[in-house]
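One-letter residues, chain by chain:
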Amino acid sequence: MFPEHRMRRLRSGKIRDLVRETSLSVDDLIYPVFANETIDAPQEVASMPGIYNLPVERIADEAKEAADLGIPAILLFGIPEKKDEHGSSAWGDDDVVQRAIREIKNELGKDMLVITDVCLCEYTSHGHCGMVDFDTEEIMNDPTLPLLGKTAVSHVKAGADMVAPSGMMDGMISAIRSALDENNYYNIPIMSYAAKYSSSFYGPFRDAAGSGCCFGDRSTHQMDPANSDEALMEAALDIEEGADIIMVKPALPYLDILYRLKTEFEIPTAAYNVSGEYSMLKAAAQNGWLDEKKVMYESLMSIKRAGADMIITYFAKEMAEMLK
Ligand code: PBG
């Protein structure tokens, strides 16, 4: 009455290590960083323990800390002093992100890949990702596109190595690709937030970036969490428009989407382990309900196993520390 198959033979000791299919490396990690023009000392985000809003002058230190841990890339967000209807602090040469990029590049040069989030929501007084028609409260697609192009060009001019458009406007990848090409930045890659869902897991980020909106929500441009085929279409269009890397966001509740996209397109694919995913684990760990290091490792490993080539995560520094 012996079992015919004994799966347990490969499960112990060194054999377990030999047969492991997925591995996490510090090279997989991208660390999100917030440069904030309105503060002059680091400010911890209340809902994201361990994550700070940083004055522009402190941003290079943070990037250096990440570089010293071996983290290859950061994703930079800016919180401007002045917000207006058009988000015009998004593209000036001396605005918050552009200054922060220069600070990091002066300090680290090629030792840190600087990726910038390209969206207007942190810069508009109404907190929306595009121009708004105030009569109808419509977030207008086409008038937003040139502004995104202009913003991306200003980031690259300041020294950004890659741009990551996150606003989910139709046609934004081709608008940005053409704007970059016209300025001779044809070698700068685009990482597109291709499948970005209208998710409540972004809550803590909106605290961090002060980008909550005063009316309406993002459901007219971000995807319905119930949909999966639509993500394939989004990604196909973005690739056709010139995206070099596609992203799925959030990560953990959308591993099926990640798997489908990676399997279907076989191009470099990123997953964004978003603020809410981070805060959940932090809160549970602070209560002593979960072992933080172990759930962090298991979560990031699962994202990798599902198909991510790279993971944007607020855990990047902690994970890098653990991988050392
Ligand atoms: C838009 C943007 C958002 C996030 C990244 N880029 C917010 C949104 O779409 O509301 C969320 C990231 C996170 O939750 O960690 N600029």
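Not measured: the values here are computed from a predicted model. Counting restarts for each chain, with residues numbered from 1 along the sequence as it is written. pLDDT decides what is reported in this predicted model: residues at 70 or higher carry local features, side-chain atom pairs at 80 or more are listed and counted, and totals for whole chains, interfaces and linings draw on all residues regardless.

Caption draft 1: Region of interest: the overall build of the protein chain. Runs of H or I in DSSP of at least four residues are treated as helices and runs of E of at least two as strands, each being numbered from the N terminus. When its secondary structure is counted, the protein chain shows 11 helices and 12 strands. Computed over the C-alpha atoms, the radius of gyration of the protein chain is 20 Å, within 12% of the 20 Å expected from 2.2 N^0.38 for a compact globule of 324 residues. The dimensions of the protein chain, computed from C-alpha atoms along their principal axes, are 75 × 45 × 40 Å. Intrachain contacts of the protein chain at a sequence separation of at least 6 include 75% that bridge at least 24 residues. All radius of gyration figures rest on C-alpha atoms, and the globule criterion is 2.2 Å times the number of residues raised to 0.38. Contacts here follow a simple rule: the backbone-placed C-beta atoms of the two residues must lie within 7 Å.

Caption draft 2: Examining the UniProt feature "binding site: Mg(2+)" (unreviewed entry) in the protein chain more closely. Mapped onto this structure's residue numbering, the UniProt feature "binding site: Mg(2+)" (unreviewed entry) falls at Glu234. Within the fold, Glu234 resides in helix 7 (residues 229-241). Put plainly, a residue is buried at 20 or more neighbouring C-beta atoms within 10 Å of its own, exposed at 12 or fewer, and partly exposed in between, counting only other residues' C-beta atoms, which are placed from the backbone. A count of 23 C-beta atoms within 10 Å places Glu234 in the buried class. UniProt positions are given in the numbering used here, feature names are shortened, and annotations may be inferred rather than shown by experiment.

Caption draft 3: Focus on the packing of helix 3 (residues 96-108) against helix 4 (residues 145-158). Viewed as axis vectors pointing N to C, helix 3 and helix 4 meet at an angle of 25°, and their least axial separation amounts to 8 Å. Between helix 3 and helix 4, the angle falls in the class roughly parallel. Here the hand of the crossing between helix 3 and helix 4 comes out right-handed. Counted together, Val97, Gln98, Ile101 and Arg102 of helix 3 and Ser154, His155 and Ala158 of helix 4 form the full contact between these two elements. Charged means Asp, Glu, Lys or Arg here, nonpolar means Ala, Val, Leu, Ile, Met, Phe, Trp, Tyr, Cys or Pro, and polar covers whatever is left, Gly included. Class assignment of the residues belonging to the contact of helix 3 with helix 4 gives a composition of 3 nonpolar, 3 polar and 1 charged. Only the stretch in contact is used when a helix axis is fitted, and all axes are lines through C-alpha atoms; the angle between N-to-C directions ranges over 0 to 180 degrees. Note on angle classes: values under 35 degrees are labelled roughly parallel, values over 145 roughly antiparallel, values of 65 to 115 roughly perpendicular, and the remainder oblique. Helix crossings fall into two classes, left-handed where the near helix is turned counterclockwise from the far one by less than a right angle and right-handed where it is turned clockwise.

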